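Each chain is listed here by its residues.
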Amino acid sequence: QEGHMEDQQSAGRALYTRLFALQEQRVLAYNALDKAFEELVASKGDMAAYGAACASVTARFAAISGEIRAIEENGASGAPRSLLVRQLQLLEKRKLELTVQQDVLRTRIQFAPEPTEQQREDQVSLESVRGFLAGVVGEINDVLEEIRADLCDAE
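What comes next concerns the included structure. (Residues numbered from 1 in each chain as written. Predicted model: local features only at pLDDT ≥ 70, side-chain atom pairs only at ≥ 80, totals over all residues. Heavy atoms only, no water.)

**Let's talk about the packing of aromatic side chains**
Point 1. Counted under the stated rule, the structure contains two aromatic pairs.
Point 2. Relative to Y50, the ring of F37 has its centre 6.3 Å away and its plane inclined at 75 degrees; by these criteria the two rings are edge-to-face. Taken together, the residues F37 in helix α1 (residues 2-42) and Y50 in helix α2 (residues 47-75) connect sequence positions 13 residues apart.
Point 3. Taking NZ or CZ as reference, K95 lies 3.9 Å from the ring centre of Y30, over its face. (Phe/Tyr/Trp six-rings, centres within 6.5 Å; stacked < 30°, edge-to-face > 60°. Helix = DSSP H or I, 4+ residues; strand = E, 2+ residues; numbered from the N terminus. Lys NZ or Arg CZ within 6 Å of the ring centre and 35° of its normal.)

**Examining the nonpolar core**
Across soluble globular proteins, nonpolar side chains have a tendency to be buried as a group.
Point 1. Within the largest apolar cluster, 23 residues are counted, with the highest numbers of intra-cluster contacts made by Y16, L19 and I147.
Point 2. Counting residues per element, the ones that place at least two in this core are α1, α2, α3 (80-110) and α4 (117-154).
Point 3. In terms of residue count, α4 provides more of this core than any other element does, nine residues in total. (Core = buried A, V, L, I, M, F, W, Y, C linked by side-chain atoms within 4.5 Å. Buried < 20%, exposed > 50% of the residue type's maximum accessible area, 1.4 Å probe, protein only.)

**A short note on the side chain of Q89**
Point 1. The residue Q89 is located in helix α3 in this model.
Point 2. Side-chain polar atoms of Q89 contact the backbone oxygen of S65, separated by 3.3 Å.
Point 3. Among residues more than four places away in sequence, those in contact with Q89 are R26, S65, I68 and R69. (Polar contact = N/O pair within 3.5 Å; in protein donor to acceptor, adjacent residues only side chain to side chain. Contact = heavy atoms within 4.5 Å.)

**Side note on the layout of surface pockets**
Point 1. The space that makes up the second largest pocket amounts to roughly 310 Å³.
Point 2. Forming the boundary of the second largest pocket are 18 residues, of which R26, V27, Y30, K95 and V137 lie nearest the centre.
Point 3. Secondary-structure elements contributing two or more residues to the lining of the second largest pocket are α1, α3 and α4.
Point 4. A total of eight residues in the lining of the second largest pocket trace back to one element, the largest contributor, which is α1.
Point 5. Looking at the lining of the second largest pocket residue by residue, the classes come out as seven nonpolar, five polar and six charged. (1 Å grid on protein atoms, 1.4 Å probe; cavity = no way out; pocket = protein on both sides within 12 Å on 5 of 7 lines; lining within 4 Å. Points joined across faces, edges and corners; volume = space filled by probe spheres on them. Nonpolar A, V, L, I, M, F, W, Y, C, P; charged D, E, K, R; others polar.)

Keep in mind these numbers describe shape, not what the thing actually does.
Right, dumping it as structure tokens:
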């Protein structure tokens, strides 16, 4: 019985090690999205290249989320961690939505032919989105810290 419990703990740790590796992949995907935007600006509006980069990053996010859902379903059942993983997924979804909003606003601001009232409104909206985004990132970090603490407590 004790060996079975140790095997379960070891399997659970392996799943959560994978979860943290997937979170690192998410960070790299966001970095790729930022780089694509920088290249869009540098190219003075090559939307085809930007669209292709966004499609590639979106596919990466989908694959990562699929793997994390599998961790949630298979590895976290019966533990508070499953709720934390679900919360993490919801926060990551919100972060991606806000990131897209941010990039749309940045694109409209960057490529407006001349300063307009709409551009000023977009700038205000962009600051608001950035504030929400910072809050969501903080919440994601809090959830990851809770998962780490839970894992340490389980050992």
